[in-house]
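Take a look at the letters that make up each chain.
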Amino acid sequence: MKAKKIVTAEILSNREIAKGIMELKLEAPEVASSAKPGQFVNVYTGDNALLLPRPISICDAEGSVLTLVYAVVGRGTQWFSECCTGQLLRVSTPLGNGYDLSVVKAGDTALLIGGGIGVCPLIKLAKVLTAKGVAVRAAMGFRDEPFLVEEMKAIGAEVAVATDSGRVGYRGTALAAAMDAGMDCEHWFSCGPKVMLKFVAEEAKRRGRDAQISMEERMGCGYGACVGCVVDIRIEGQEEPVRKKVCKDGPVFRGSEVIFHE
Ligand code: FES
């Protein structure tokens with residue numbers, strides 16, 4: 001992983017796009033130009049009582065503009081949600097490994113499965129895949145209120161929406177919606193809650209695929225200090241699993257190598 005650098009970025013907009021979900025656009029040329037799908041950034045609050053930065057996945061990066069979408073879930077993200085246009089934020093350069101797109105070529109098909117805030121990194125991923133000539137199908141699951149669906153459709157992806165409540169689209173999970181709609185593809189990419197990723201990894205395996213899954217839900221500090229993000233990884237030919245940090249070694253892993261504990 002490249003050394004982290006912290007830059008100052010100006011807020012272009014910061015608005016609520018669904019209940020408790022904010023879209024933050026930053027003028028951050030150095031970050032945007034080097035961002036790869038599946039990477040994240042650490043964003044620092046200006047509140048001295050909140051020392052740790054917040055890791056937020058990169059939703060999109062176009063030209064000099066970085067788009068982050070985050071859920072307001074605690075004091076740090078509450079602080080971000082109150083920031084205004086023109087304000088300056090400190091943000092790291094892109095972190096983490098991101099999805100491995102070297103295995104994908106023009107003419108291939110890719111299934112993107114996102115759950116909740118995990119749909120965000122799939123936007124940049126869909127853009128890059130589409131530009132490579134890959135046909136993208138996206139299954140996007142939400143508790144009740146969808147977001148980023150129009151953005152995904154605008155990229156040209158075939159989209160299935162699922163909600164737990166049944167308010168919009170398929171009633172159930174994004175994975176179930178994808179399978180119900182016959183959206184299986186050669187390449188699987190996913191991001192979302194751990195339980196969803198487990199089922200995605202298992203279903204992909206049943207179909208002879210190896211999903212690339214982003215385990216970002218497990219992250220705390222985002223830079224190796226809290227050890228709250230450790231996952232057990234299976235190494236071929238080795239009996240004992242190895243412990244890896246999602247923030248340093250991930251957040252993207254192969255579904256076949258992650259050991260999901262109940
Ligand atoms: Fe804190 Fe990885 S998120 S060590």
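These numbers were taken from a predicted model, which means no experiment stands behind them.

Peer 1: Honestly, helix α6 (residues 194–206) in this entry has me stumped. Any pointers?
Peer 2: Residues that lie three or four places apart on an α-helix share one face, since the helix turns once every 3.6 residues. Taking 1.5 Å as the rise per residue, α6 with 13 residues should run 18 Å; its terminal C-alpha atoms sit 18 Å apart, in good agreement. Listed in full, the buried residues belonging to α6 are Met196, Leu197, Lys198, Val200, Ala201, Glu203 and Ala204. Contacts made by the buried residues of α6 are with β7 (109–115), α5 (174–180), β11 (187–191) and β12 (212–214). Once α6 finishes, Gly208 follows within two positions and takes phi at roughly 75°, a positive value.

Peer 1: Would you explain the environment of Lys105 in this entry?
Peer 2: For Lys105, the location among the structural elements is in the loop between β6 (88–92) and β7. For Lys105, a relative accessible area of 53% puts it in the exposed group. For the pair Lys105 and Asp210, spaced 105 residues apart in the sequence, the C-alpha separation amounts to 16 Å.

Peer 1: Looking at this structure, how should I read the nonpolar core?
Peer 2: Grouped together as the largest cluster of nonpolar side chains are 31 residues, with contacts concentrated most on Leu112, Leu129, Leu148, Met152 and Phe189. Sort the elements by how many residues they give to this core and helix α3 (residues 121–131) lands first, with five residues. Beyond its immediate sequence surroundings of up to four residues, Phe189 is in contact with Tyr99, Asp100, Leu101, Val104, Ala110, Leu111, Leu112, Ile113, Leu125, Leu129 and Gln212. Within the second largest apolar cluster, 29 residues are counted, among which are Leu111, Met183, Val200 and Ile233.

Peer 1: Explain the sheet that holds strand β16 (residues 258–259) to me, please; I cannot follow it from the model alone.
Peer 2: Hydrogen bonds along the backbone pair up the strands of a sheet, which may run parallel or antiparallel. Strand order in the open sheet made by the three strands is β14-β13-β16, with antiparallel pairing throughout. Where the open sheet ends on each side, the last strands, each with one partner, are β14 (242–245) and β16.

Peer 1: I keep staring at the state of the cysteines and nothing clicks. Help me out?
Peer 2: Each disulfide consists of a covalent bond between the sulfur atoms of two cysteine residues. If you walk through the whole model with that rule in mind, you get zero disulfides. Its sulfur unpaired, Cys59 is 5.2 Å from the next cysteine sulfur, which belongs to Cys120. Looking at Cys59, the relative accessible area reads 2%, which means it is buried. Between Cys191, a cysteine without a disulfide, and Cys120, which holds the nearest cysteine sulfur, the sulfur-to-sulfur distance is 8.0 Å.

Peer 1: Any chance you could explain the layout of surface pockets here in plain terms?
Peer 2: Think of a ball as big as a water molecule: rolled over the atoms, this probe shows where empty space is left. Computed from the structure, the largest pocket encloses a volume of approximately 1300 Å³. Lining the largest pocket are 43 residues, with Ala71, Gly115, Gly116, Ile117 and Gly118 sitting closest to its centre. Those elements that provide at least two residues to the lining of the largest pocket are β4 (54–62), β5 (65–71), α2 (75–81), β8 (135–142), α5 and α6. It is β4 that provides the largest number of residues to the lining of the largest pocket, a total of four residues. Tallied by class, residues from the lining of the largest pocket come to 21 nonpolar, twelve polar and ten charged.

Peer 1: Sorry, what's going on with the sheet that holds β7 here?
Peer 2: If you trace the seven strands from one edge of the open sheet to the other, you get β10-β9-β8-β7-β11-β12-β15, paired in mixed fashion. This sheet does not close on itself; its edge strands, each paired only once, are β10 (170–171) and β15 (252–254). Where β8 and strand β9 (residues 158–163) come together, six bridges link them in parallel fashion. Residue pairing in the sheet places Ala139 in a bridge with Ala160 of β9.

Peer 1: So what exactly am I meant to see when it comes to the pairing of strand β2 (residues 21–27) here?
Peer 2: Regular strands show a simple pattern: their side chains alternate between the two faces of the sheet. Burial within β2 is extensive, with five of its seven residues counted as buried. Here strand β1 (residues 6–18) folds back onto β2 in antiparallel fashion, the turn holding two residues, of which Gly20 has a positive phi close to 75°.

Peer 1: Just to check I follow, could you spell out the pairing of β8 for this structure?
Peer 2: Counting buried residues in β8 gives six out of eight residues, a clear majority hidden from the surface. Each parallel crossover has a hand, and for β7 linked through α3 to β8 it is right-handed. Crossover handedness for the path β8 to helix α4 (residues 149–155) to β9: right-handed.

Peer 1: Help me understand the environment of Arg234 in this model?
Peer 2: Assignment of secondary structure puts Arg234 in the loop between β13 (230–233) and β14. When the C-alpha atoms of Arg234 and Pro121 are compared, they prove to be 25 Å apart, with 113 residues separating the residues in sequence. Non-local contacts of Arg234, meaning those with residues more than four positions away in its chain, are made with Ser256, Glu257, Val258 and Ile259. There is a polar contact of 2.7 Å between the side chain of Arg234 and the backbone oxygen of Ser256.

What counts and what doesn't
Residues numbered from 1 in each chain as written. Predicted model: local features only at pLDDT ≥ 70, side-chain atom pairs only at ≥ 80, totals over all residues. Heavy atoms only, no water. Helix = DSSP H or I, 4+ residues; strand = E, 2+ residues; numbered from the N terminus. Expected span 1.5 Å × (residues − 1). Buried < 20%, exposed > 50% of the residue type's maximum accessible area, 1.4 Å probe, protein only. Contact = heavy atoms within 4.5 Å. Core = buried A, V, L, I, M, F, W, Y, C linked by side-chain atoms within 4.5 Å. Pairing = 2+ DSSP bridges. Disulfide = S-S within 2.5 Å. 1 Å grid on protein atoms, 1.4 Å probe; cavity = no way out; pocket = protein on both sides within 12 Å on 5 of 7 lines; lining within 4 Å. Points joined across faces, edges and corners; volume = space filled by probe spheres on them. Nonpolar A, V, L, I, M, F, W, Y, C, P; charged D, E, K, R; others polar. Right-handed = clockwise from strand over helix to strand, strands pointing away. Polar contact = N/O pair within 3.5 Å; in protein donor to acceptor, adjacent residues only side chain to side chain.

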